[in-house]
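Okay, here's what each chain looks like letter by letter:
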Amino acid sequence: ALFCAVVVDLCLHHLNVGDAERQSAALATLTMNLSMMELQNELIHRERTPTLDQRRVIDGHAQAGAQLLRQVGVQDPVWLEIVELHHTDPPPETGYAALSPTQRLASVVRRVDVFTAKMSSRRFRAGMPATLAARAACLGRDGRPDVVGSAVIKSLGMYPPGSYVKLASGEVAVVTRRGVKANEPVVASLVGRDGRPLAAATPRDTADRSHAVAGIVRPADVRGPVPPVRVGVSDRL
């Protein structure tokens with residue numbers, strides 16, 4: 001939820017949304033799954049896809065979450081409406097510009113929610129690489145980045161921080177920050193071209209052809225977790 005809220009705020013910043021609306025959207029993102037938190041924890045460890053009863057809870061969690069928030073005293077109408085709408089797709093013929101201000105906020109929350117859900121691992125399936133998840137979240141119904149998708153790209157780049165990539169040099173690197181260009185992230189190489197771990201994480205300039213991103217690497221193919229301190233990741237995206 002916290003990661004979703006950060007990405008949503010970055011996207012809304014690129015969409016020139018005001019501070020008050022961004023705050024409501026952040027609060028909605030943090031609480032959008034309030035009514036199914038226990039189920040979420042259960043699904044992470046479940047070895048099969050959700051049962052019919054669990055699917056009903058998932059399908060109704062947006063309205064149930066908004067109702068819980070009203071019961072505990074939340075009165076912000078934008079916050080509540082975003083929670084109610086974050087799991088509902090607008091009509092196919094309705095573009096971003098035709099949506100109401102709150103519907104626009106909900107559409108950003110929904111897209112980021114889909115992105116993080118695709119990345120999340122479950123017992124019954126592996127998480128999708130961040131790069132593929134981001135691309136899936138960036139595409140509109142016509143298969144091209146739409147307004148919200150473009151905001152996601154501007155916020156995270158084509159290779160979100162934490163992604164593993166193969167460089168033209170043959171090295172495997174982890175993305176540490178967005179780059180100046182969407183396809184040129186800031187990276188640190190972890191594995192040499194010979195397949196052996198490097199003694200120290202080594203910064204590489206992906207704008208240099210010899211170190212350009214040549215492809216993605218699935219997290220499962222990288223040995224063990226990489227401590228952020230090892231690659232010099234700061235507390236900023």
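Residues numbered from 1 in each chain as written. Predicted model: local features only at pLDDT ≥ 70, side-chain atom pairs only at ≥ 80, totals over all residues. Heavy atoms only, no water.

**What to know about the overall build of the chain**
Our working rule: Numbering of helices and strands runs from the N terminus; a helix is a DSSP stretch of H or I covering at least four residues, while a strand is a stretch of E covering at least two. Whether a residue is buried, partly exposed or exposed follows from its accessible area with a 1.4 Å probe, protein chains only, as a fraction of its type maximum: under 20%, in between, or over 50%, in that order. For the area figures, the Shrake-Rupley method with a 1.4 Å probe applies, and any residue is considered shielded solely by the protein chains shown.
From N to C terminus, the chain includes eight helices and five strands. Along the chain, from the amino end to the carboxyl end, the secondary structure elements read α-α-α-α-α-α-α-α-β-β-β-β-β. Counting every position in the chain, which comprises 237 residues, the buried fraction comes to 38%. About 13,300 Å² of surface is accessible on the chain, with carbon and sulfur atoms providing 53% of the total.

**A short note on the packing of helix α1 (residues 2–14) against helix α6 (residues 101–119)**
Stated precisely, the cut-off is as follows: Every axis corresponds to a line fitted to the C-alpha atoms, with the helix fit spanning only the stretch in contact, and the corresponding angles, defined between N-to-C directions, vary from 0 to 180 degrees. Orientation labels follow simple angle bins: below 35 degrees gives roughly parallel, above 145 gives roughly antiparallel, 65 to 115 gives roughly perpendicular, and whatever is left gives oblique. Two helices crossing with the near one rotated counterclockwise from the far one by less than a right angle form a left-handed crossing, whereas a clockwise rotation gives a right-handed crossing. In what follows, a contact means two residues having at least one pair of non-hydrogen atoms within 4.5 Å. Any residue outside Ala, Val, Leu, Ile, Met, Phe, Trp, Tyr, Cys, Pro, Asp, Glu, Lys and Arg is labelled polar, Gly included; the first ten of those are nonpolar and the last four are charged.
Interhelical geometry of α1 versus α6 gives an angle of 135° and a closest axis separation of 9 Å. Between α1 and α6, the interaxial angle falls into the category oblique. Once α1 is placed against α6, the crossing between them reads as right-handed. The residues of α6 that touch α1, namely those facing F3, C4, V7, V8, C11 and L12, are L105, V108, V109, V112, D113, F115, T116 and M119. The class makeup of the residues in the contact of α1 with α6 is twelve nonpolar, one polar and one charged.

**Focus on the nonpolar core**
One broad trend across soluble globular proteins is that nonpolar side chains are buried collectively. In plain terms, the rule: Put simply, a nonpolar core is a bunch of buried Ala, Val, Leu, Ile, Met, Phe, Trp, Tyr and Cys residues held in one set by side-chain atoms that sit within 4.5 Å of each other.
Grouped together as the largest cluster of nonpolar side chains are 30 residues, with contacts concentrated most on V8, C11, L12, I82, V108 and V112. Secondary structure elements with two or more residues in this core: α1, α2 (19–31), α4 (52–71), α5 (77–85), α6, α7 (130–138) and α8 (147–156). Ignoring any residue separated from it by four or fewer positions in sequence, one finds V112 in contact with C4, V7, V8 and C11. Y164, V174, V191 and A201 belong to the second largest nonpolar core, which has nine residues in total.

**Describing the packing of aromatic side chains**
Note the following rule: Note on aromatic contacts: the rings of Phe and Tyr and the six-membered ring of Trp form a pair at centre separations within 6.5 Å, being stacked when their planes are under 30 degrees apart, edge-to-face when over 60 apart, and tilted otherwise. Look at NZ for Lys and CZ for Arg. If either is within 6 Å of the ring centre and within 35 degrees of the ring normal, a charge sits over the ring.
Evaluation of the coordinates by the stated rule reveals one aromatic pair. For the pair F3 and F115, a centre-to-centre distance of 6.4 Å together with 50° between the ring planes defines the contact as tilted. Here F3, found in helix α1, pairs with F115, found in helix α6; they are 112 residues apart in sequence, far enough to count as distant. Positioned above the aromatic ring of Y96, the side-chain terminus of R104 is 5.5 Å from the ring centre.

**Quick word on the sheet that holds strand β5 (residues 213–217)**
Within a sheet, each strand pairs with its neighbour through backbone hydrogen bonds, oriented either parallel or antiparallel. Selection rule: Pairing between two strands requires that DSSP report at least two bridges joining them.
Taken in spatial order, the five strands make up an open sheet running β4-β3-β2-β1-β5, and their pairing is antiparallel. If you trace the sheet from one side to the other, it starts and ends with β4 (197–205) and β5, each paired once. Within this sheet the neighbouring strands show an average axis-to-axis angle of 35°, counted without direction. By the bridge criterion, five bridges tie strand β2 (residues 172–177) to strand β3 (residues 186–191) in an arrangement that is antiparallel. The partner of V175 across the bridge, within β3, is V187.

**Quick look at α2**
Counting along an α-helix, one turn takes 3.6 residues, and residues three or four places apart therefore face a common direction. What counts here: The span you would expect from a helix comes to 1.5 Å times its residue count less one.
Between the first and last C-alpha of α2 there are 19 Å, a value that for 13 residues agrees with the 18 Å anticipated at 1.5 Å per step. Where the residues of α2 are buried, they touch α1, α4, α5 and α6.

**Concerning the pattern of salt bridges**
Just so we agree on the cut-off: Salt bridge, as used here: a side-chain nitrogen of Lys or Arg that lies within 4 Å of a carboxyl oxygen of Asp or Glu.
Evaluated as defined, the whole model comprises eight salt bridges. Residue D19 is joined to R22 by a salt bridge in which the shortest nitrogen-to-oxygen separation is 3.8 Å. One end of the pair, D19, and the other, R22, are both in helix α2, three residues apart, so they sit about a helical turn from each other. A relative accessible area of 17% places R22 in the buried class. For R70, the salt bridge identified is with E84, shortest N-O distance 2.9 Å. Taken together, the residues span a long stretch of sequence, with R70 in helix α4 and E84 in helix α5 at a distance of 14 residues.

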